[in-house]
Amino acid sequence: MKIIILLISISVVVAIVFLVAFLWAMKSGQYEDTYGPSVRMLFDDNIKKDENKTEK
């Protein structure tokens, strides 16, 4: 019976840690721009190629 209480308390602590991490991520704005990172990976090569053309 003691092991069940120990496991439940550990799971509650882990859940609280994940909740705090999620709330911190929401406050810091990591989920505000959901469109930009998905499109940014498509245009990074074009920007680098343009920079190389101007350097030569």
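Residues numbered from 1 in each chain as written. Predicted model: local features only at pLDDT ≥ 70, side-chain atom pairs only at ≥ 80, totals over all residues. Heavy atoms only, no water.

Enquirer: Go over the overall build of the protein with me, naming the residues and quoting the values.
Expert: Regarding its fold elements, the protein presents 2 helices and 0 strands. Across the 56 residues in the protein, those meeting the buried criterion constitute 5%. When the accessible surface of the protein is split by element, carbon and sulfur atoms take 69% of a total near 5500 Å². (Helix = DSSP H or I, 4+ residues; strand = E, 2+ residues; numbered from the N terminus. Buried < 20%, exposed > 50% of the residue type's maximum accessible area, 1.4 Å probe, protein only. Areas by Shrake-Rupley, 256 points an atom, 1.4 Å probe, with all protein chains shown as cover.)

Enquirer: Can you tell me about the UniProt feature "transmembrane region" (unreviewed entry) in the protein, naming the residues and giving the values?
Expert: Annotation from UniProt places "transmembrane region" (unreviewed entry) at residues 6–25. Between the C-alpha atoms that bound residues 6–25 the distance is 29 Å, and the span itself is 100% helix and 0% strand. (UniProt positions renumbered as here; feature names shortened; annotations may be inferred.)

Enquirer: Describe helix H1 (residues 2–28), listing the residues and the values that go with them.
Expert: For H1, spanning 27 residues, the distance from its first C-alpha to its last is 39 Å, which sits close to the expected 39 Å at 1.5 Å a residue. Where H1 ends, the next residue or the one after it, Gly29, has phi of about 85°, a positive value. (Expected span 1.5 Å × (residues − 1).)

Enquirer: Requested: an account of the packing of aromatic side chains, with residues and values cited.
Expert: Each pair of aromatic rings is reported with the distance of its centres and the angle of its planes. This structure, assessed with the given rule, holds 1 aromatic pair. Seen in terms of ring centroids, Phe22 and Tyr31 are 6.2 Å apart; in terms of plane orientation they differ by 45°. Their pairing is tilted. On the basis of relative accessible area, Phe22 is assigned to the partly exposed category, the value being 41%. Assessed through its relative accessible area of 47%, Tyr31 is described here as partly exposed. (Phe/Tyr/Trp six-rings, centres within 6.5 Å; stacked < 30°, edge-to-face > 60°.)

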